[in-house]
Amino acid sequence: MRKNSLFLFAAALFSAAIVPANATVSTTDSLTAAVADTVAVKDSVTYHPTVVDYAKKLNNKEYFQVVRFADNGEILEISKVTGIGIEVDLGGNYISREDHFSPEAFVGFRYDGKHLSYRVSTGVSYRLLNKESIDSGDKFFTYMANAALHVNVIYPKPWRHCLSLFGEVGYIFDQHKQLVDNVTDGDGQQYVRYVDHKGSGLAFGGGLEYRHNNFAKPHAFVVRAGVKVIPDAFWNVTKSNVFADVTVGWVFGLKRGHWTSPNKKAAYKGRL
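None of the values given here were measured: they were computed from a predicted structure.

What counts, and at which threshold
Residues numbered from 1 in each chain as written. Predicted model: local features only at pLDDT ≥ 70, side-chain atom pairs only at ≥ 80, totals over all residues. Heavy atoms only, no water. Helix = DSSP H or I, 4+ residues; strand = E, 2+ residues; numbered from the N terminus. Polar contact = N/O pair within 3.5 Å; in protein donor to acceptor, adjacent residues only side chain to side chain. Contact = heavy atoms within 4.5 Å. Buried < 20%, exposed > 50% of the residue type's maximum accessible area, 1.4 Å probe, protein only. Pairing = 2+ DSSP bridges.

Enquirer: I would appreciate a short explanation of unusual backbone geometry in the present structure.
Expert: Of note, the amide linkage connecting Lys157 to Pro158 takes the cis form, showing an omega dihedral of 5°. Structurally, Pro158 can be placed in the loop between strand 8 (139-154) and strand 9 (161-184). The phi angle at Ala216 is positive, at roughly 60°, despite the residue not being glycine. Within the fold, Ala216 resides in the loop between strand 10 (190-213) and strand 11 (220-234). The phi torsion at Lys255 lies on the positive side, around 50°, for a residue other than glycine. Tracing the sequence through the fold places Lys255 in the loop between strand 12 (237-254) and strand 13 (259-260).

Enquirer: Is there a simple way to explain the side chain of Thr142 in this structure?
Expert: For Thr142, the position within the fold is in strand 8. A polar side-chain atom of Thr142 sits 2.7 Å from the main-chain carbonyl oxygen of Phe173. Setting aside residues no more than four positions away along its own chain, Thr142 makes contact with Gly123, Val124, Ser125, Tyr126, Arg127, Ile172 and Phe173.

Enquirer: Would you explain the environment of Ile172 in this entry?
Expert: Looking at where Ile172 falls in the secondary structure, it is placed in strand 9. Residue Ile172 is classed as buried on the basis of its relative accessible area, which comes to 6%. Here the alpha-carbon distance between Ile172 and Ile230, two residues 58 residues apart in the chain, equals 7.3 Å. Once residues lying within four places of it in the same chain are set aside, the contact partners of Ile172 are Arg127, Thr142, Tyr143, Met144, Gly199, Ser200, Gly201, Ala203, Ile230 and Pro231.

Enquirer: Is there a simple way to explain the pairing of strand 6 (residues 100-112) in this structure?
Expert: Walk down a regular strand and you will see the side chains alternate between the two sheet faces. The side-chain alternation of strand 6 yields one buried face, formed by His100, Ser102, Glu104, Phe106, Gly108, Arg110 and Asp112, and one unburied face, formed by Phe101, Pro103, Ala105, Val107, Phe109 and Tyr111. Here strand 5 (residues 83-95) pairs with strand 6 via 13 bridges, running antiparallel. Each bridged residue has a counterpart across the sheet, and for Gly91 the counterpart in strand 6 is Glu104. Bridge analysis of strand 6 against strand 7 (residues 116-128) gives nine bridges, and the strand direction is antiparallel. Note that in strand 7 the partner of Tyr111 across the bridge is Tyr118. Here strand 6 folds back onto strand 7 in antiparallel fashion, the turn holding three residues.

The structure is reproduced here in structure tokens:
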């Protein structure tokens with residue numbers, strides 16, 4: 001009787017050892033239970049059929065993506081395509097009225113939901129001093145901040161491709177130097193009088209974004225194209241500049257329900 005008890009106790013310890021300690025998925029309790037229900041077969045981990053069924057359900061209904069091998073049903077990686085991310089963008093804008101292209105860079109946070117996405121960002125770029133300025137045509141360093149709302153118009157299963165319409169609003173820094181007059185003193189010295197305008201103005205715009213979710217990963221690639229209206233300061237009046245804007249970026253997913261199997265490398269190596 002004692003031998004049987006020791007054998008059962010040893011078997012329990014062995015079973016606990018072969019199940020990966022971090023083989024849990026924080027996104028869904030039922031999936032956590034299913035992934036934890038594993039058995040050892042010839043030094044590999046084969047997942048319970050419930051996991052395969054649940055993987056299909058996640059891929060089709062709950063904005064999850066799952067990587068698994070069809071031969072044994074093992075789940076290797078799971079990720080949710082909704083959640084918070086850090087986005088880094090590079091791009092540029094073109095103002096036809098000035099025939100000028102300006103490079104730009106942004107960094108910010110975004111939240112991707114099932115139907116709506118939100119993002120806030122801050123960025124830097126170069127602008128041209130307008131034709132009224134003393135140094136007309138010269139570039140100056142500018143900064144900006146944006147907040148945007150996206151509406152997902154096309155988002156087919158299994159959630160790899162998303163096309164959205166977006167609108168954004170923010171502030172952008174602007175400046176210029178307006179010549180007042182030239183003054184000559186009694187010694188023949190000439191002085192230039194000018195008014196230096198500096199400040200931030202309201203900017204707004206909109207366009208189209210394509211987002212490619214990296215399959216079973218929390219990250220995504222984004223491309224945006226649209227138009228933006230920015231303020232352009234002149235003497236006693238603020239005009240508007242309209243430019244075409246294109247950016248490409250990468251979203252680093254945070255807290256998007258991502259889980260990777262400890263057996264992933266060995267599984268991929270075994271199939272090569």
